[in-house]
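A look at the structure
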Amino acid sequence: MSVVKINAITVPEGRGRELEERFARRAAAVENAPGFEGFELLRPVGGETRYFVYTRWESEEAFQDWFNSQAFQQGHVQASRESSGSPIGTAADLLSFEVVTSTGPTGE
């Protein structure tokens, strides 16, 4: 059963573009991780101030392996260097879900 991890990051007004650029530069960092199924960075609209970083994994173990990997750590060290040690987000919450039902286009 797939698992979904959503990192909800509160970003101060005017810093959203910087966050988006950082994720664009690091997109390939997760793509080859074993068990990785997908990634989306969701921009807030309609009064919401949090960005959602959505990742999907084949299992909790696959996520934990990536989360504890050197590639994950290096990506976050690099991100803090790019901002002179200043994080963009003022808060972050990691939400976890198991996929119960999933559907897609029928091709019609």
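As a starting point, this report considers the structure included with it. (Residues numbered from 1 in each chain as written. Predicted model: local features only at pLDDT ≥ 70, side-chain atom pairs only at ≥ 80, totals over all residues. Heavy atoms only, no water.)

1. Looking at the environment of T101
By secondary structure assignment, the location of T101 is in the segment after strand 4 (91–98). Taking relative accessible area as the criterion, T101 reaches 70% and is therefore assigned exposed. The spatial distance from the C-alpha of T101 to the C-alpha of M1 is 10.0 Å, given a sequence separation of 100 residues. (Helix = DSSP H or I, 4+ residues; strand = E, 2+ residues; numbered from the N terminus. Buried < 20%, exposed > 50% of the residue type's maximum accessible area, 1.4 Å probe, protein only.)

2. Some words on the pairing of strand 3 (residues 50–57)
Every second residue of strand 3 is oriented toward a common face, the buried set being Y51, V53, T55 and W57 and the non-buried set R50, F52, Y54 and R56. Here 8 bridges tie strand 1 (residues 3–10) to strand 3, and the two strands are oriented antiparallel to one another. Bridge pairing links I6 to Y54 in strand 3. (Pairing = 2+ DSSP bridges.)

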